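Each chain, written out:
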Amino acid sequence: MSLKDQINTSQLPKHIAIIMDGNGRWAKQHGQHRVFGHRNGVTAVRESAEAAAELGIDYLTLYAFSTENWNRPRMEVNALMQLLLQTINNEITTLNKNNIRLNAIGDLDSLPAVNRKHLLKAIDATRNNTRMTLTLALSYSSRWEIVQAAKKLADKIIRGECTPEMVDQQCIEGLLTTDGMPDPELLIRTSGEFRISNFMLWQIAYAELYFTQTLWPDFRKEDLYAAIVDFQHRERRFGKTSEQITKVNDQQ
Ligand code: FPP
């Protein structure tokens, strides 16, 4: 049976998040500059978005550029921004054709003005699409997000819209950039690194983690299927015992 056929489509994760890693190493393996790896990473972005939409995944979130990535050599940062701009502009038609909504999380104000403008235009052009939400995490880091949320919360309390007693998990969730999105149930990281790298720390509290040796530019639909098949073999207990989970499943 093919990997795709092994997927139980009635038990798909609603939200998959991916830490795309290994572009630089892939380029090195091909005797090329790191930017060559990023360019080839776009094919993997397209493949994973297409595969996720075809399967019926509601949310796909890609860690495209972290707050810390600004510290890379200026030439690489510029090339990444240019690639991002190009890709967004090239893909609007395909996103609309496939009924995919584009979304972005992160410190978008820190992006070059031209990137921000075209990104917001693409988000607006796809806002009515309903099949899947493709979120790009750009100039994003979880600690940045948590600081923003803390500032917003302090502001609400000062304005008298909220009291410390009213603060609960739902309230915090509403202040994060992912407000309104379900938490990722599956987090994939490519390139054999076993790290979270400041990505969605609050949101992945109960996510299943999947690490693959595949370098991002080599990531294809089959790799996404393999991650989902693996996810579907996990027992998700959410702090309960295995027996409790089995009993609930038996009653269904
Ligand atoms: C990590 O590999 C990858 C990035 C920092 C950038 C991801 C960008 C793309 C895939 C291209 C464009 C994306 C979109 C959404 C249009 P790395 O450079 O850290 O690789 P290394 O660990 O091997 O050095």
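As a convention, each chain's residues are numbered from 1 in the sequence order in which they are written. This being a predicted model, a pLDDT of at least 70 is required before a residue's local features are given, and a value of 80 or more before pairs of side-chain atoms are given or counted; all residues contribute to the totals for chains, interfaces and linings. The side-chain values count all of the structure's non-hydrogen atoms but skip hydrogen atoms and water molecules.

1. Details of the site of the ligand
(1) Moving on: With respect to spatial proximity, 17 residues lie near the ligand, and among them Asp21, Gly24, Arg25, Arg34 and Arg72 are the closest.
(2) Moving on: Note on areas: Shrake-Rupley, 1.4 Å probe, and residue coverage restricted to the protein chains presented here. Contact with the protein chains covers 92% of the free accessible surface of the ligand, which is 620 Å².
(3) Moving on: In this structure the site holding the ligand corresponds to the largest pocket.
(4) Moving on: For helices the rule is a DSSP run of H or I covering at least 4 residues; for strands it is a run of E covering at least 2, with both sets numbered from the N terminus onward. Listed by contribution, the elements that provide at least two residues to the shell around the ligand are helix 1 (23-29), helix 2 (34-55) and helix 3 (74-97). When at least one non-hydrogen atom of a residue lies within 4 Å of a molecule or strand, that residue is treated as near it. Each cavity reported here is a set of points on a 1 Å grid over the protein atoms alone in which a 1.4 Å probe fits but cannot get out, each pocket an open set with protein on both sides within 12 Å along at least five of seven lines, and each lining residue one with an atom within 4 Å of a point. Should more than half of a molecule's atoms lie within 2 Å of a pocket's or cavity's grid points, that molecule is taken to sit in it.

2. Some remarks on the pairing of strand 2 (residues 59-66)
Two faces, one strand: in a regular strand the side chains alternate between the faces of the sheet.
(1) Moving on: Any residue under 20% of the maximum accessible area for its type is buried, any over 50% is exposed, and the rest in between are partly exposed; the area is computed with a 1.4 Å probe on protein chains only. Within strand 2, seven of the eight residues are buried, which leaves the element mostly enclosed by the surrounding structure.
(2) Moving on: A pair of strands counts as paired when DSSP detects no fewer than two bridges linking them. With five bridges joining them, strand 1 (residues 15-19) and strand 2 adopt parallel strand pairing. For Ile16, the partnering residue across the bridge sits in strand 2 and is Leu60.
(3) Moving on: Both strand 2 and strand 4 (residues 132-140) contribute to a ladder of seven bridges, which runs parallel.

3. Some details on the pairing of strand 1
(1) Moving on: Summarising burial for strand 1: five of the five residues are buried, a large majority.
(2) Moving on: Judged by which residues are buried, strand 1 turns out to be covered on both faces: His15, Ala17 and Ile19 on one side and Ile16 and Ile18 on the other are all buried.

4. A look at the layout of surface pockets
(1) Moving on: Grid points are joined across faces, edges and corners, and a volume is the space filled by probe spheres set on the points. Taken as a whole, the largest pocket encloses approximately 1000 Å³ of empty space.
(2) Moving on: Lining the largest pocket are 46 residues, with Met20, Val45, Tyr63, Ala64 and Trp216 sitting closest to its centre.
(3) Moving on: Put simply, the parts of the chain that give the lining of the largest pocket at least two residues each are helix 1, helix 2, strand 2, helix 3, strand 3 (100-105) and strand 4.
(4) Moving on: If you tally residues by element for the lining of the largest pocket, the top one is helix 2, at ten residues.

5. What about the packing of aromatic side chains?
(1) Moving on: The criterion for an aromatic pair is that two Phe, Tyr or Trp rings (for Trp, the six-membered ring) have centres within 6.5 Å, with stacked assigned to planes under 30 degrees apart, edge-to-face to planes over 60 apart and tilted to the rest. Taken as a whole and judged by the stated rule, the model has eight aromatic pairs.
(2) Moving on: The interplanar angle of 25 degrees and the centroid separation of 5.6 Å between the aromatic rings of Trp26 and Phe36 together place this pair among those described as stacked. Of this pair, Trp26 sits in helix 1 while Phe36 is found in helix 2, placing the two residues ten residues apart along the sequence.
(3) Moving on: Consider the rings of Tyr63 and Phe199, whose centres lie 4.2 Å apart with planes at 15 degrees: the pair is stacked. Separated by 136 residues along the polypeptide, Tyr63 in strand 2 and Phe199 in the loop between strand 5 (186-189) and strand 6 (208-211) bring together distant segments of the chain. For the pair Tyr63 and Phe199, one class covers both residues: buried.
(4) Moving on: Taken together through their ring pairs, the aromatic side chains of Tyr63, Tyr140 and Phe199 make up a single cluster.

6. A word on the confidence of the model for the chain
(1) Moving on: Taken residue by residue, the chain gives an average pLDDT of 96. The fraction at 70 or more is 98%.
(2) Moving on: Each residue carries a pLDDT score, the predictor's confidence in it, ranging from 0 to 100. For the chain, helix 8 (residues 242-251) is the element with the lowest average pLDDT, namely 73, and strand 1 is the one with the highest, namely 99.

7. Observations regarding the packing of helix 3 against helix 4 (residues 113-125)
(1) Moving on: Lines fitted to the C-alpha atoms define the axes, with helices restricted to the stretch that makes contact. Angles between their N-to-C directions range from 0 to 180 degrees. Running from N to C, helix 3 and helix 4 point in directions that differ by 15 degrees, and their axes come no closer than 10 Å. In terms of orientation, helix 3 and helix 4 fall into the roughly parallel class. Helix-helix and strand crossings are classified by hand; for helix 3 and helix 4 the assignment is left-handed. Counted together, Met81, Leu84, Leu85, Ile88, Asn89, Ile92 and Asn96 of helix 3 and Val114, Asn115, His118, Leu119, Ala122 and Ala125 of helix 4 form the full contact between these two elements.
(2) Moving on: Its residues assigned to classes, the contact of helix 3 with helix 4 shows nine nonpolar, four polar and no charged. The labels follow the angle: roughly parallel below 35 degrees, roughly antiparallel above 145, roughly perpendicular from 65 to 115, and oblique for the rest. Handedness of a helix crossing follows the sense of rotation of the near helix relative to the far helix, less than a right angle counterclockwise being left-handed and clockwise being right-handed. Residue contacts are defined here by distance: any two heavy atoms, one from each residue, within 4.5 Å place the two residues in contact. Polar here means any residue other than Ala, Val, Leu, Ile, Met, Phe, Trp, Tyr, Cys and Pro, which are nonpolar, and Asp, Glu, Lys and Arg, which are charged; Gly is therefore polar.

8. Quick look at the pattern of salt bridges
(1) Moving on: Salt-bridge detection follows one rule: a side-chain nitrogen of Lys or Arg within 4 Å of a carboxyl oxygen of Asp or Glu. Counted by the stated rule, this structure contains 14 salt bridges.
(2) Moving on: With a shortest N-O distance of 3.2 Å, Glu193 and Arg25 are connected by a salt bridge. Here the residue Glu193 occupies a position in the loop between strand 5 and strand 6, and Arg25 occupies one in helix 1, the gap between them amounting to 168 residues.
(3) Moving on: Among the salt bridges present, the one from Arg159 reaches Glu161, with a minimum N-O distance of 2.3 Å.

9. Quick look at unusual backbone geometry
(1) Moving on: A positive phi angle is found at Asn99, which is not glycine, with a value near 60 degrees.
(2) Moving on: Of note, Asn99 is situated in the loop between helix 3 and strand 3.
(3) Moving on: On the basis of relative accessibility, which here comes to 28%, the residue Asn99 falls in the partly exposed class.

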